[in-house]
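# Summary of structural features
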Amino acid sequence: MDIARRAIDTPIHTWLLVLACLLGGWWGISTIGRLEDPAFTIRIAVVATQYPGATAEEVEREVTEVLESAIQQMPQLDIVRSRSRPGVSEIDVELRTTLPSTAIAQAWNELRSRVADAQPQLPSGAGRPSVNDDFGDVFGVYYAVTAPGFDEREQREIARLMRRELLTVPGVADVEVAGLVAEEILVEVTQERLARLGIPLDAVVQAIQNENAVASAGRTQVGERDLRLALRPSLDTVAALQRIRIGRAGTTEQIALLDLATVSRQPVRHPPRIVAFNGQPAFTLGVSAIADTNIVDVGQAVAARLEAMAPYIPLGVELHPIYQQHEVVDEAINDFILNLAVSVAIVVGVLCLFMGWRVGLVVGGTLFLTVAGTVFGMRIMGLEMERISLGALIIAMGMLVDNAVVVAEGMLINMQRGRTARDAAADAAGRTQMPLLGATVIGILAFAGIGLSPDQTGEFLFSLFAVIAMSLLLSWLLAVTVTPLFGHYLLKAGKEDATDPYAGRTYRAYRGLLVTTLRLRWLTMLLLVALTGASLWAFGMVRQGFFPDSNTPIFLVDFQLPQGTDIRATDAAMAPLDRMILETEGVVSVARFVGQGASRFMLTYQGERANPGYGQFIIRAESLEAITRMESDLARRIAATHPDAQVRVQRLVFGPGAEARIAARFSGPDADVLRALAAEAIARLEADDRITDLRHDWHARELVAVPRLEEERMRVAGVARTDIAQTLLFATSGVRAGEYREGDTIIPILTRAPEAERGDMGRLQDRLVWSQAEQAHVPLSQLMTRLETVQEDTLIQRRNRVRTLTVQANPGPGETAADAFARIRGGIEDIPLPPGYMLEWGGEFENSQRAQEALGAQLPFSFIPMLVISILLFGRLRQPLIVWAVVPMAICGVALGLLATGMPFTFTALLGLLSLSGMLMKNAIVLVDEIDTRIAEGEALSDAITDGAVSRLRPVFLAAATTILGMVPLLGDAFFASMAVTIMAGLAFASLLTLFAVPALYAILFAAPAPGRAPAVAT
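Chains are numbered independently. Their residues run from 1 in the order of the written sequence. Thresholds applied to this predicted model are a pLDDT of at least 70 for local features of residues and 80 or more for the giving and counting of side-chain atom pairs; totals over whole chains, interfaces and linings are not thresholded and use all residues. Calculation of side-chain values draws on the structure's entire complement of heavy atoms; hydrogens and water are dropped beforehand.

## Observations concerning the overall build of the protein
By definition, any uninterrupted DSSP run of H or I lasting at least four residues is a helix, any uninterrupted run of E lasting at least two residues is a strand, and each is numbered from the N terminus. Secondary structure assignment for the protein yields 33 helices and 30 strands. Taken over the C-alpha atoms alone, the protein extends approximately 130 × 75 × 60 Å along its principal axes. Remark: exposure states derive from per-residue accessible area (1.4 Å probe, protein chains only) relative to the maximum for the residue type, with buried under 20%, exposed over 50%, and partly exposed in between. Within the protein, the fraction of its 1019 residues that count as buried is 54%. By definition in these notes, contact holds between two residues if any of their heavy atoms fall within 4.5 Å. Considering only contacts within the protein whose residues lie at least 6 apart along the sequence, 81% involve residues at least 24 apart. Computed with a 1.4 Å probe, the accessible areas rest on the Shrake-Rupley method; for each residue, only the protein chains presented here act as cover. Of the roughly 43,500 Å² of accessible surface on the protein, 57% is carried by carbon and sulfur atoms.

The structure is reproduced here in structure tokens:
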């Protein structure tokens, strides 16, 4: 098919294609969605069950085990993890990554059904299990709101106003408010007054519940109308609560609650989360966008709405950005567009320098149209501009240039020989269009296994495959249509008697080296094989990584006090550190979260679950360099102020994160044995001074006060365990007596002893318990022997129904997790394990292994079609063997480049290696096809090899030079740097393989005679 000639003869069709790329690209870049990371389905749900009063072991045995037994029957299940704490069971249910996204909702319905079926097997005191599968929201527009001088009610109204208004912004999916201090109404009654008046605690609780109950009063018929009787709760004010009257047992006397108790409205003593920003109390406002919308537009619309709301927000209320995803995305995409423009300019500049400005404009124009057309295709397919799709354009850049360069080079040579543009284009495109198409398809297939993988990796990286496929196919189409047309307009034909275009000094020098290589072909291949082996050995010294740290100038400092620390004590310990952090050079702001982590403000962030002894600082720095400079010193200073605290620094990462980058999981039945194994592992890790942040996820055992009761005395006194539990609850946390409704806010009503009676553990034995049988109070000291303090596990972790304790650590500054893991692995694996116990590795090692296994499982589905196409392309076996034989040799340049720059081999570098193999195979295919074509035209075998290789010198050199120089702007990008080094160094060596190894292999396999003496090079 003479596509090039038709493109010149009927230019209207070609110009329509150009116009479609230009206008479509402009429309696409204006309307395409912009995200930070590609959206993918979260395959985790949490089953939470309350079991008040139970110990962690009782929760594990009576609730967690029962639910896990039911859940494990799900065929979609991958991993089940659980945390049993006093009074609470939490089970993480993770589905198989190969489960299609369309089947996720059905799987969660089945989970709910199985949990509901298991509920009758739970103990009577356990609550109803709840299933939460909504973990996909990313609150990327994240603010801290400070409102000094405003009380809790006023702050709640401010938050309600902001949330209501922001939910009306187009593209907003949800608005989450967190960190507001809740309130409670306290009814404090002294024990002396209850005893003197002979009023049981139950009477107070029941009176409050009766007055505030919401109950149906029925319906009545009045004539033809059916009227509903509405009995409103009487507790519409705190004063109404004080007026409640309580009857004395055995009499007709009544007493007002105001005369019996002190009623007050106060902030809760133990809030679930405390938030501060730059040292001021705050609450957070997180905005998530609807899937597939442009986060930049949504973020800007949210900012505009907040600005419009300014007159309605009270003076003194301020919003402080913690994370602005729309600004991060906008900056990243603008930087990419700038880098892309620089890359295209470099391509055009190099081509103009070596081939003239006309060829530079032809190839540069084709490259620009390819990028524009790809953006158009992305918009049509519903793909967004995000980190992976932008990376795909960068990965494809080398192959995009190559197609146009090959056609333009062939056309230029033919026109220099005096042929017309039509004939030159037809010959150049006709000779290369099928090899280029085959090589292009092979390059696409190199990524097919990743993008079409049925698991979560394929879902996350689908845009990588889709963008590469679109851009490469479009580049081939434009290379055989637009490039000939532009060449027809811009290139000038030479004279028929023009000199040989390959007679220049550079060509002659290369021919001389090539002839020497062909004469020493066996020695050449032996050296290349030896070099490849040495490079594979040297590759073992390359630092290994998974995903690089983010280039957003934010880092996290985790602060963990001993297990059992009160949240107020944790906050009191952390609050003075705000100023110390703010006074550190390079710090812009600090947000403090106590009790649990922040909302998920970026896809790779996972906040800590509820833990009153835990806190986290989210610190924004002036730059990445400032973080590197201050993080270790800051952690050391914080740790010095609180020696009993565990302090660790975390950096935000681009890819999937883990609680710790190094994790050793010990599994077995006995908690004491697991703790002993953990202690041994930590002791061995402490011997390595480059390992930091050592801890394990069961935390320390917690002190628990256990009353030792006298069962016989309790029976005689007519007192049940529940009576004693209520008495102790009243004397400590408080008994929930009802609810006070204020608009849409429900405020709990608690009855408890005054502060003076609650501060001393020794006075618990002096509490009075109401005996229903005796109708009198009985001293608790008569019903118990002692109050014993013991240590017990308050957090029991399980994995796949087996108790699992994880020892966690991080590598030191400047070291990758892979390097640290390789150093400490043997010492940990040498720990003797008792029968029934097991060691597994988690952390970054497990994440990397899973990603590589998923990739490795799909590679056969890529490489088998690639092999078949390469065989079909030539119709013989020796030519594909040549092409495939040089692919492993590309590791030489990759190893040298990574070792020289100190860059780690990350997941993005692996993608760059796949791209490199595609570029190398394309060059090899075109060269082998050129040699075959020359032989078919009657040229001698040795001459065909030499002349074919010489004819490919400039295209190979220019494609490599433009790609390598085009990658230079990416060396400063944290995400793409290792990939850029891989492609740059690998392609430089791969070009030498194309120009020397391919001809040598061809000569060996086809037994070509040694070429004649090389002509002397002019001096």
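The discussion continues.
## Observations regarding the packing of helix α29 (residues 891-901) against helix α33 (residues 977-1005)
In the contact formed by α29 and α33, the axes pass within 7 Å of each other and the chain directions differ by 135 degrees. One way to sum up the angle between α29 and α33 is to call them oblique. Between α29 and α33 lies a crossing whose hand is right-handed. Contact residues: α29 offers Cys892, Gly893, Val894, Gly897, Leu898 and Thr901, while α33 offers Ser978, Val981, Thr982, Ala985, Gly986 and Phe989. Residues are grouped as follows: Ala, Val, Leu, Ile, Met, Phe, Trp, Tyr, Cys and Pro are nonpolar; Asp, Glu, Lys and Arg are charged; every other residue, Gly included, is polar. When the residues that make up the contact of α29 with α33 are grouped by side-chain class, the tally is six nonpolar, six polar and no charged. Every angle, taken between N-to-C directions, lies between 0 and 180 degrees, and every axis is a line fitted to C-alpha atoms, over only the stretch in contact when it is a helix. With respect to orientation, any angle under 35 degrees is reported as roughly parallel, any angle over 145 as roughly antiparallel, any angle of 65 to 115 as roughly perpendicular, and every other angle as oblique. In this scheme the crossing of two helices becomes right-handed for a clockwise turn of the near helix relative to the far one and left-handed for an anticlockwise turn of less than a right angle.

## Comments concerning the pattern of salt bridges
Salt bridge, as used here: a side-chain nitrogen of Lys or Arg that lies within 4 Å of a carboxyl oxygen of Asp or Glu. Taken as a whole and assessed by the stated rule, the structure comprises 55 salt bridges. In this structure, Arg114 engages Glu110 in a salt bridge whose closest nitrogen and oxygen atoms are separated by 3.1 Å. Of this pair, Arg114 and Glu110 both sit in helix α4 (residues 104-118), four residues apart, roughly one helical turn. You can call Arg114 partly exposed: its relative accessible area is 22%. Taking relative accessible area as the criterion, Glu110 reaches 22% and is therefore assigned partly exposed. Each member of the salt-bridge network shares a partner with another, and the members are Glu60, Glu65, Glu68, Arg798, Arg801 and Arg803.

## Brief notes about the environment of Gly826
Take Gly826: it is sitting in helix α26 (residues 817-829). Distance in space between the C-alpha atoms of Gly826 and Val205 is 61 Å, their sequence separation being 621 residues.

## Concerning the packing of aromatic side chains
Here a pair means two rings of Phe, Tyr or Trp (six-membered ring of Trp) with centres within 6.5 Å. Their orientation is stacked below 30 degrees between planes, edge-to-face above 60, and tilted elsewhere. Counted according to the given criterion, the structure contains 13 aromatic pairs. Geometrically, the ring pair formed by Trp15 and Phe486 is tilted, given 5.8 Å between the ring centres and 45 degrees between the ring planes. Placement of Trp15 in helix α2 (residues 11-31) and of Phe486 in helix α17 (residues 462-490) is noted, with a sequence separation of 471 residues between them. Judged by relative accessible area, Phe486 falls into the buried class, the value being 15%. Their ring planes at 75 degrees and their centres at 5.0 Å tell us that Phe539 and Phe905 sit as a pair that is edge-to-face.

## Some details on the domain arrangement of the protein
The domain boundaries here were taken from an automatic or database domain assignment. Along its sequence, the protein is organised into domain 1 (1-31 + 356-498), domain 2 (43-135), domain 3 (183-214 + 229-267 + 702-792), domain 4 (513-541 + 876-1012) and domain 5 (553-652). Computed from C-alpha atoms alone, the centre-to-centre distance between domain 4 and domain 5 is 49 Å.

## Topic: the sheet that holds strand β24 (residues 745-752)
For two strands to count as paired, DSSP must find a minimum of two bridges between them. The four strands are arranged β12-β7-β24-β23 in an open sheet whose pairing can be described as mixed. The open sheet has two free edges, formed respectively by β12 (262-267) and β23 (735-742), since each of these has just one partner strand. Neighbour to neighbour, the strand axes of the sheet diverge by 25 degrees on average, direction disregarded. Relative to β24, strand β7 (residues 183-188) runs parallel, the two sharing four bridges. The residue of β24 that forms the bridge with Leu186 is Leu750. Relative to β23, helix α7 (residues 201-211) is tilted by about 20 degrees, and along the sheet it contacts β7, β23 and β24.

## Focus: the confidence of the model for the protein
For the protein, mean pLDDT is 85; residues scoring 70 or higher make up 96% of the total. Taking the mean pLDDT of every element in the protein, the minimum, 70, falls on helix α16 (residues 456-460) and the maximum, 95, on strand β13 (residues 274-277). Confidence over residues 1013-1019 falls short of pLDDT 50; this stretch has 10 contacts with residues more than four positions distant or in other chains. Confidence scores labelled pLDDT are given residue by residue by the predictor and lie between 0 and 100.

## A word on the environment of Asp202
If you trace the backbone, Asp202 turns up in helix α7. Sequence-wise, Asp202 and Asn334 are 132 residues apart; in three dimensions their C-alpha atoms are separated by 67 Å.

## Regarding the side chain of Asn923
Summarising the element assignment, Asn923 is placed in helix α30 (residues 907-936). For Asn923, a relative accessible area of 5% puts it in the buried group. Polar contacts, as used here, are pairs of N or O atoms within 3.5 Å; protein pairs need one atom able to donate a hydrogen and one able to accept it. Residues neighboring in sequence count only if both atoms are side-chain atoms. Reaching out from Asn923, the side chain makes a polar contact with the side chain of Arg952 at a distance of 3.4 Å. Aside from chain neighbours lying at most four places away, what touches Asn923 is Asp402, Arg952, Val956 and Thr994.

## Remarks on the pairing of strand β3 (residues 88-95)
A large share of β3 lies buried, amounting to eight of its eight residues. Note: strand β1 (residues 44-50) against β3, seven bridges, orientation antiparallel. Directly across from Gln50, in β3, lies its bridge partner Val88. The pairing of strand β2 (residues 77-85) with β3 spans eight bridges and is classified as antiparallel. Bridge pairing in β3 links Arg81 to Asp92. Here β2 folds back onto β3, and the loop between the two strands holds two residues, one of which, Gly87, carries a positive phi near 85 degrees.

## Some remarks on the packing of α30 against α33
Remark: α30 packs on α33, axes separated minimally by 9 Å, with the N-to-C direction vectors making an angle of 25 degrees. Classed by the angle they form, the pair α30 and α33 counts as roughly parallel. As for how α30 packs across α33, the hand of that crossing is right-handed. Looking at the contact of α30 with α33 residue by residue, the classes come out as 18 nonpolar, eight polar and one charged.

## Here we look at a nonpolar patch on the surface
Residues Ile12, Leu16, Leu19, Leu22, Leu23 and Phe368 make up a contiguous nonpolar surface patch of about 590 Å² in total accessible area. With five residues, the top contributor of residues to the nonpolar patch is α2. The residue Leu23 is located in helix α2 in this model. For Leu23, a relative accessible area of 52% translates into the label exposed. The patches reported here contain residues having more than 30% relative accessible area and no salt bridge. Joining distances are 9 Å for like charges and 5 Å for nonpolar side chains (Val, Leu, Ile, Met, Phe, Trp, Tyr).

## Description of α33
Along its 29 residues, α33 runs 39 Å from first to last C-alpha, staying within 8% of the 42 Å computed at 1.5 Å per residue. Think of it this way: the bend at a residue is just the angle between two axes, each fitted to seven residues, one set ending at that residue and the other starting at it. If you look at α33, its biggest bend is around 40 degrees, right at Leu993. Extensive coverage of α33 is indicated by the burial of 26 of its 29 residues. Helix span, expected: 1.5 Å multiplied by one less than the number of residues in the helix.

## Quick notes on the nonpolar core
Put simply, a nonpolar core is a bunch of buried Ala, Val, Leu, Ile, Met, Phe, Trp, Tyr and Cys residues held in one set by side-chain atoms that sit within 4.5 Å of each other. Counting 143 residues, the largest nonpolar core has Met411, Phe447, Leu464, Ile468, Tyr510 and Phe539 as the members making the most contacts within it. Each of domain 1 (1-31 + 356-498) and domain 4 (513-541 + 876-1012) gives at least three residues to this core. Setting aside anything within four residues of it in sequence, one finds Phe447 in contact with Ile395, Leu464, Phe465, Ile468, Leu911, Leu914 and Ser915.

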